[in-house]
Every structure is written in structure tokens, then in C-alpha cells.
Amino acid sequence: MAGKRILVAQMTRMGDVLQTSPLVRALKQRYPDSHITAMVRRMGKDIAERNPDIDAVLVYEEDETYLDLKSEDADRLLKAYQDADAIVQRLQEGRFDIAYNCTHSLSSAMLFKLAGIPEVVGAHLSDDWRYVWRGRGPNYFITSVLHREANDLNICDSFRYFMEKPPAARGLVMKIDDKARAEASTILSLHGISAHDFVVCFQLGASDRGKRWPEERFAQLGRALADRYGARIVLLGVESEAKLGESFERHAPGLATHLFGKTNIAQLAAVLERARVLVTNDTGTMHIAAAMRCPIVLLSVGYVHFRETGPYGEGHCAIEVRRENVGRSDIRVDGAADEDAGIAPHHAARAVELVLAQHEGIPSLSDDKTFSTVDLHWSAFAPDGCLQWYPIVRRAATEADVVRMAYRLMWLEYFEDVGTPNAEGESIKRIAKRYLPPEDGAFWGSARESLEGLAVLGDRGAAMTRELLGVLESNARMRRAHEIVRALMALDEDTRVYAELNKACKPLVAIARFERDNLEGAEPLALARRTLAIYEALSQRARATATKLELVRAAIT
Amino acid sequence: MKRAREWSLELATDPLRDGVELLTCQTGEKTLRVDGVLMHSRYRPSDEAVRLIENAGIDSEKPVIVVGAGYGYHVNALTGRGHIVAVLEPDRGVARCAVESSLIGGDVPLHVGDASDLGGDPAFREFVRGGAQLFVHPPTERLHPHYVETVRTVLARMQLEGQPLGVAIVGPMYGGSLPLCSYLARAFTKLGHRTLFVDNSKAWNLYETVTKTVQSKNASGQLGSLLANVLEQWSYARVAEFAPNLCIVMAQAPVGPAFPLRLKKENIVTAFWFVENWRHMPYWRHICAQYDCFFHIQPGEFEQKLEEAGCGHHAFIQTGCDPEVHRPVSLSADELAEYGCDVSFAGAGYYNRIQFFAGLTDYDLHLWGTEWESRELQGHLRRQGERFGPEEFAKIVAGSKINLNLHSSATHPGVDPRCDAINPRVFEIAACGGFQICDPCRGLDRFFDSSEVPTYRDLAECRALIDRYLANEKERIATAKRARERALREHTYEHRARQMLEFVLDRFPIRIVDKGVLAQRSVAEIAARVGRDTALGAYLAELPPDTPFTQAALFENIPLMGKRLSHAEGVFAYLRELRSSAEMLLEMFDGG
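Note that the coordinates shown come from a computational prediction; the quantities given were computed from them, not determined experimentally.

**Student:** Help me understand the overall build of chain A in this model?
**Tutor:** Summing up its helical and strand segments, chain A has 21 helices and 16 strands in all. Looking at chain A as a whole, 58% of its 557 residues are labelled buried. Element-wise, carbon and sulfur atoms account for 49% of the exposed surface of chain A, whose accessible area totals about 22,200 Å².

Next up, the structure:
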């Protein structure tokens, strides 16, 4: 890949551009002579331009094209066509050898197809213009949302695995210059904040009301931090979030400095670099803070899944309400509704204390009633090279915990990048010791049995597909081929139902189905060979997960 | 507009007025304070101006009209980025400081003072034609909000010149205003506008069934209201989906006062055409202030009443004729036997008409239409008082030597001397080439003179006219010809539609520009524009040339996934996907 031209497309939000930076860093490490172009939306341009691993930025803005189309105006339709054509042309002029499409939209896949980029990893179009995903990492990335309870990898690591066996990239990448630092100092000094002040930043907003911790709680926390540390509270956010600041102000008049819409990206980053801690909901600001190595307390409220989207870096703390279904995107829980039973200001204050202490290792808190309603997790890179969230309060592992741990080991093995067995062993040991053994260990056996049962179903599918291959290769008895295909369809349905009944198996079945849906081409023999590989992989993964489950069991008990 | 350097000579002699102060910033740069408002930051005015421009979302490809010169920092920031700019400044004192600051280049076109005449400035028009975008200097807007509004209005009017708009017409279920809807819709279409007629008459039979088959008046009324409410929602949905620039609601349409308010939220300009007599139909009081424009057919006293009721924008817009419908026809022998007569009247049997026509029964008189229950007139009534349509109306006119017209009154026994609501029949008979005599409704002489439509004030005069013109065919034919020529020249619905648009464009150009004006083209036009040697041109050239260049027509030809596509097909497939996925996301977002 030396000297090759690489495109990394991330056309979603600003935070996602930052979350793609570990992939870019890994690519640059593997291919130092390569030329890397980032394709981003306008809102991600500032971030991409401040990434030293990126050589060029291509701005793509589909909002205007959408408005052109929505207008139903003939001239604007022509403009939309010409704008799309111009993007295709710019992609062609980029002469990219490979594109990593971290944007999972069909429209992005179409652009790369039109541009004729020879190799696309992630969402792309087959030769017959079908929407398919290529690559193990992308397959995992796109299916992980179907079974978030079993996903233990941060999205940054998922993106990193878009490349084969990626080097580790321990953190997000963003650089700012002294000009931005000076401007940030000026902005703060205009509000009477000096270089010696103890600055604590709050981000009150979030993309959705259901992901917001109440402003009143922020205000209570702010007062506590001001009392304890003499902290100067700085509220960050875009201009439209100023109304949250007004709400904060009603609960804590005069306590905070409001910087809503007063900073550009670089100045915001410089303010965060200068801050002692950021207390935040799940936001783009959080990722900028992570990139600037600002310690973070993440209030993981509502349907936020902090393991997947939390800050990518070490020494951050995520607080989550203890309740069933936490972090499931299909169950929307209002952040405000967590108030009574959930995260209290004193929980957040304790978390601030922990991240300020800059522990060498992972801090521990005793499981007393102070924290009975919440879980606290600490971020650190595991020996396997990926980010891991470690419990701060040691509690009995649940079935979901051990299944998640087993799956992590299995996926990393699936990516063929587990490193050495020691890394795997060390990783599991380190996480396991943060848990007490499960209170009811009955599920160990049932989970293992269900995984073995799934492996048998995979074996059966593989055997039937081998027979199908034989029939196709002999070019005869087409009726028999049709019978086998029908039987395979029935088996797939049985397998799906089996996974519904045995939840430890569900993620594996989801990815196998996804692989089936992503088969490219129409040539029966080729299709049958790839189908065979999918059934074989299903069996192997099911057995591997069962084995990993045993490893986890041994480590925990 | 003239060059800044020319202004500098002219303004140099102006004394610096009170309230305009030059200040020195911390950086040593100068800034300006005008009537207490700082034109730029006192800290780093040039840096701040650069940030202001960076965050303004200005298209780098298009020239910029800067409203407000300030001290010129933002103009300098724009020219520094390579923009072509023109500057408009209301205050001569500020303009003087700005041109002296040397931050505005000597070649920059500058306009100083009142902006209302800008539309007539050739240099400004040329600048706008180049696709110029507006940048308003925020402190200037704070000081001169009306000036900024005037500039926006002038600019919007220029941008709308010759542009086709979207027009929706919401019609009634039933009644005299119903046929006018399709005439008006056709007129807007002929003028090149995108037009929608929401035809509520489709629900008339259902309405009749629902209200007439229930004996209780109370229940019947409630059911009728429920159905009218459904029709209002349906009308709103149709109009909102169509997203016009202007929605005209016709008299008697089944919509309430909230209807225009909902459309306003969509940036649609709303108008009501009250083709009724305000003295007989008082409901106008409750709705006239809810619409952006209120069109009516009675100038004079009514206009004063509208003002009193809070209606800010009203206009007298008369009904007219539709030459496609109201045209001369030849009658077959059978038709001549049926329609041929000396004198006829086609319309409803109002009280005054029944009284009046009783004095004409000694003529060969035909009466057409409904509600002619008077015994004296039954012998003259054709087709047992059935309704007639526009085609039949043209035949009635063609068969009558003299077409009577008498404006209706429910109280006066004959010619109503207070009448000021001219009926459409005047224009329709004229356009059909018929000879008519009419009562002298006030204002009629604005539309036809007596050489085109002779008038009578009472029965005696009416009979005298009948006698005179029955005896003089040549004069009858010549008069009818003049009336027809005048009707086609001045009184078609196209003329009325133009009047409505002129009124709306004069008062609401900014809203129309904000909503967006739709261009409509065929694939042949686009292929010619982009060139047939391009992938798009070649692709479009293979389609039937009159295929509309719309997403609906083009996307229909693009296969769904699973088939290899050409480049142009691929780009259209991409656009289709982009739109549908964005709308799916927005729907999810809306759905919470």
C-alpha cells in the first residue's frame, strides 16, 4: 500500500469524524507513504483538517442537494445532478486505490461505485448494483447494532478493524495550534477566568432530549464543585443550546460562564485542553475533549451505549443507571426520567474526584448504598489493544456481562488479530477481576449448550451446502438442487427461531444472516461455495464463543 | 450605483453628522459608532469581520450585495476572499467614512441613500442578474431595519420577474363560484404557473346524502359540519403537499379561518376571492383578516368595511371569461329549434328577476336555470328548470337574438339601483359573442361601455332596447362583436390571474422567494442546455423530448437496484436514494 492513495469516508457527524481518526492513524502507521484523503461533511471539515494523519480533505454536503431535490424545481434538479456529478468527478480525480467507507449509507456506496474506486471496504455496490458490505470489520460494525448488549468494542475500534489486523491507536487524533490556545485564553479572560483558575466544563446538550441529564442536576453538581475546588464552571455548546444554559442559570444564578456559540472548533478544543474535567452527555464535545486528553465524566443516560460510543481514551469515567435494558437503542428511556432512581449530582461529583486523581490503575469503590442505583466504569486500553470499560464498583457479574466478555474474545479472534494468547489471557484476567462471580451460575451450562446447539445447526447447513455443491458441480439433478435450497431456507428459519429462544446465540445468527444477505454475484456455484463458508464460520464462531465462555468462567470463578 | 471612488469625491464635502463617531481600537485600528451602535468590534475589528464572513455561509461562486458599509472591514474581508461585491448604504455619513477608510476598493459599486428605486438602476439589475447573494451587515440592520426590508423586497421582486410560481385554488362543493375555479386554474396554467385545483365538488353528492337523509336538522347540521371539517383537512393536505407559493380560496370553499393560518406557517401566501355580494353574505367579516390578500368584486363602500375589519391587503378583482369555454358556437337545425328565441335569460330565478321578467312575457322569451317557480313564467321556462353547464350556456347565447342580464336582488322588485356586484354573466355572454342588454350595475362602465353592452334602468327602457335591437340585426351583431373583442382583450381570467399575481408579488415577494419558485423544463430543454455530448445530455436525448425534467418522470425510468446502470442513470439513482433516505430519517426524527 506504500504510496497508495486512500480515501476514508465519514459523512456523518462531527464526532464520528473524530471517532474515525484511530482508523486513519492505523492506516498511516501501516502505510506511512500513503496519501490519505478524508471525505467529510462541512461540519466535520475543521476536525479533519486538524488531523495530521490526513493529507487532504474533500467536503461533501448532501443537505443542499436534498433541499434542491425537495424543491421540485427543474433548474435545481439539474444543479443537484451537476453537484453529484462534480463529486463523482472529484473522486475520480483523486485516483484512489481503496476507499474505507465508514458511512453506512447506500447513497455513499453509490457515489464510490459511480467514481469507479477499485476497492471499497464497508458499504459498497456490487457489479450488479446491489448494496453489500465487504470486510470482516464492516460486517461486525453493521451487525453490532442488532445486538448491542453483546457488543464490548468501542466504535473507534470497530472502525479500526475496517483494515486487516490494524495497529493499535490509543486515542483520538486532533491537533490545535498556539493561536487557538491564545484565542481560548482571551475568551476565558474576557469572562474573568485566568490561567490559574480551576476550570470545569459542562456540556448540557445532546442530540436528543432522551440523552440529556437534567440541567438542574448539572447546576447542583456545579455548586458542589465550586464549593469543593473553587471551580469555575464553563458551559459549552452551540448557540441553539443556549436555552439549556438559561435553565441552568435559573437553578444556579451567576455560577457559570456561558460560551454557547462563542467558540469555533479549535477554540473549543483549546478550552477543553485547558479544563481539568468535562462533565458531559454523549456529545461531539465529549470526543473533542477525549482528543485533547481532557478527563471526562460521561453521564450515560437514556439509550446511550457508552461502551460503543463513549470517549476513546484512558482515564475517563462513565456513569450509568443500574437497570435492565440499559443502553439498548431499541428501548428509549428519557434521561430526565432517570432522576429519582438514577444518577445524582453526588455520584457525578465522586466521578469527578476519581478522574481528577489521575489514577495509575483502575480505581475501586466499595459497593455501599451510596452507589446502589448506579454503575461506574473506568476506561483503559486492554492488553488486546482495544478500549475496555472496567467496573469501578465490584459487583457480581450478570449473564449479560459474561456473554459480552466471551463475545469480545470471539470477535477479536474472528478479526484474526487477537495478538498472542497472552494478550487474550491478560485481557480476560484484567476485566474478570473487576467482577464478583455470578450469584446464580446456572446460565453457564445453558449458554454453552445453546452455543453448541447452534454449532450443530451450522454443521447441518454446511453438510447440506456441500451436497448442493456436489449436485451443481455434476451439473445434473436440478430438481434435487432446488430441494436442497428449500431445505436450507427452512434450516435458516429454524436457526433464526433457535436464536430467538437462546439469546447467547442471537448475535452469531444475526451476522450469519447478514453475510447471506451480502452475497455478491449470481453464479450458483460461487454462491454455494460462499454459503458453505458462512455455515462453517457460524459453527466455528459458535464453538469459539462457547470456548471463550469457559475462559471467562475460569477467570471469574 | 456608482464606483466608490466617485462617491468619495461627492461625499467628501458632506459634514460628518452628529451621531457618527470614529473610534480607535486596542489594535490601533479605527472603528465606527453610529447613533450609539458599534459598526465593528472594538477589540479586533478586522479579525471579527473575517469571522463574520466565514460564518455567513456565503457561496464563493456568486457575487455579494452587502447591505451596510459600516467602516468597510467586512467588505474588505469579502474582497480579500475574492468575492465580487456591491455595497448599499442608507446613511451618507457612514458611506463617507467607509469610502475614506480605504477598506472598500475604489472600483466597488456603491449605492447611497433610499433603496426603493434600486429596481430601476441598470447597474444594480445587472449585478442581480449575475446571481448575486445578499449579505446584511448586522449593526446596519439594527439601525435601519426598514431599509434592509426595502432592499430585500426590491431584490425579491427582481428575482421573481418572469418566474413561474406554484398556485393552488381551493374550490367549493357547490355554487356559482365553482366553475370559476377551473377557469382561474386554467388561466394560471396558461400563464406558465404550476397549478393545482382542489375540487371539493367531488364530495357534493356525499354531502347531500349525509345531510338530506337525516330528518333531525340538528343532526344533519352536525354531520354537515363534520364532513366540511374533513374536506378542510383534505384541502390542507393537498395544498401542503403541492407546496405552492400562493393559495387562493374561493368563496364558499369548505374551510375555516384557521386554514390560511396553517398555510402561512408553510410560507404560502394566502388569498380569498370573495365573488359574492358583501351585503348578502356577511361571513367575510370573520375571515378577511386571516388571509394575506382578500380579493372582492365590489369597489367602494366594501373596501372601507374591509379596512375596518382589519384586512390590510385587499383588491378589487372582477370575474371574467374563459375563452376556451365562453366562445361562439354554431347551432345545428335541431339545436336552433331548441335554443332559438328573441330574448332569453340564463340563470337562477331570484326575486327581482321573477318580478321583472313577468313584464316581458309578451316576447319570445326563454328562461333557463333553476328556481323559476312563478306561474306566469312557467310557459317560458326551458327544460323544466334544470341546471345547465357552460357548453349549454354557449348554445343558449348563440340561439338568442338578445341575451338579458339582470343582477340579482332578494329585496328589490326590479333593477336594483344599489347593485355594485357585477356578475360573471356579463363577461361570459360577451365572450360567447352574444348580444346582451344589462341593468346599469355600478362599475359596469369600467368594463364595457354602452356601445358594447347597452343598459336599461327599468322595464320600460328594457322593452325599448329589446324592440330597437330586435329590429336592427346589423347593430346587434356589431355591438356583440365589440363586446366580445373587449372581453377577450381585457376581461379573461388570464387578466384576472395576472392582476392577482401583480398584487401578491408587490406585497409578498420575500415570502415567495423564501418559499422558492419552481422552474419547469422538458428533458429536451435540459439536453440542449447541457449539450448532447455530455453523459446527461445523451441520456436525456433518448427520452421523449417533452418528458418533464422532474424527479417523478426521470426516476420512473431508472431501474431499482440489481441492474448495471449507465453513468447518468447512476447519478439519478443516487439522487433518488439520497432523497428517500433523508426523508425516511426526517420521518423517524419527526416520529420521535
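**Student:** What is the right way to read helix H11 (residues 242–251) of chain A from this model?
**Tutor:** The periodicity of an α-helix, 3.6 residues per turn, causes residues three or four positions apart to be oriented the same way. Residues and elements named next belong to chain A. Burial in H11 covers these residues: Leu244, Gly245, Ser247 and Phe248. Down the axis of H11, the buried side of the element spans an arc of 160°, and every buried residue falls inside it. Seen from the buried face of H11, the exposed residues on the opposite side, beyond 90 degrees, are Lys243 and Arg250. Close packing links the buried residues of H11 with strand E7 (199–203), helix H10 (215–229), strand E8 (232–236) and strand E9 (256–258).

**Student:** Help me out: how do you make sense of unusual backbone geometry in this one?
**Tutor:** Where the residue is not glycine, phi is negative for most of them; where a peptide bond is considered, it is trans in most cases. A positive phi angle, near 60°, is found at Arg293 of chain A, a position not held by glycine. When its relative accessible area of 52% is taken as the criterion, Arg293 of chain A is described as exposed. Although it is not a glycine, Gln252 of chain B adopts a positive phi angle of roughly 75°. Note that Gln252 of chain B resides in the loop between strand E11 (246–250) and helix H11 (258–265). Judged by its relative accessible area of 39%, Gln252 of chain B is partly exposed.

**Student:** What should I look at first to understand the interface of chain B and chain A in this one?
**Tutor:** Where interface size is given, it is often the accessible area lost as the parts come together that is meant. Contacts between the two partners involve 34 residues from chain B, matched on the other side by 31 residues from chain A. Summing both sides of the interface, chain B and chain A together bury roughly 3,100 Å²; the carbon and sulfur share of this comes to 67%. Inspection of the chain B/chain A interface yields three salt bridges. Between the two partners, chain B and chain A, sit eight residue pairs in polar contact (both at pLDDT 80 or more). For the side of chain B that touches chain A, the secondary structure elements donating two or more residues are helix H22 (523–530), helix H24 (551–555) and helix H25 (567–590) of chain B. Per-element accounting of the side of chain B that touches chain A gives the leading share, 14 residues, to H25 of chain B.

**Student:** Help me understand the side chain of Ser21 of chain A in this model?
**Tutor:** Mapped onto the fold, Ser21 of chain A is located in helix H2 (residues 21–30). Excluding residues within four positions of it along the chain, Ser21 of chain A makes contact with Asn51, Leu172 and Val173 of chain A.

**Student:** Which parts of the structure should I look at to understand helix H1 (residues 4–11) of chain B?
**Tutor:** Residue and element names in this part refer to chain B. Taken together, the buried positions of H1 are occupied by Ala4, Trp7 and Leu11. The buried side chains of H1 occupy one side of the element, clustering within an arc of 55° when seen end-on. For H1, the secondary structure elements touched by its buried residues are strand E1 (2–3), helix H4 (92–100) and strand E7 (109–112).

Rules used in this analysis
- Residues numbered from 1 in each chain as written.
- Chains lettered and ligands numbered in written order.
- Predicted model: local features only at pLDDT ≥ 70, side-chain atom pairs only at ≥ 80, totals over all residues.
- Heavy atoms only, no water.
- Helix = DSSP H or I, 4+ residues; strand = E, 2+ residues; numbered from the N terminus.
- Buried < 20%, exposed > 50% of the residue type's maximum accessible area, 1.4 Å probe, protein only.
- Areas by Shrake-Rupley, 256 points an atom, 1.4 Å probe, with all protein chains shown as cover.
- Arc of directions from axis to C-beta.
- Contact = heavy atoms within 4.5 Å.
- Buried area = accessible area lost by both parts, 1.4 Å probe.
- Salt bridge = Lys/Arg side-chain N within 4 Å of Asp/Glu carboxyl O.
- Polar contact = N/O pair within 3.5 Å; in protein donor to acceptor, adjacent residues only side chain to side chain.

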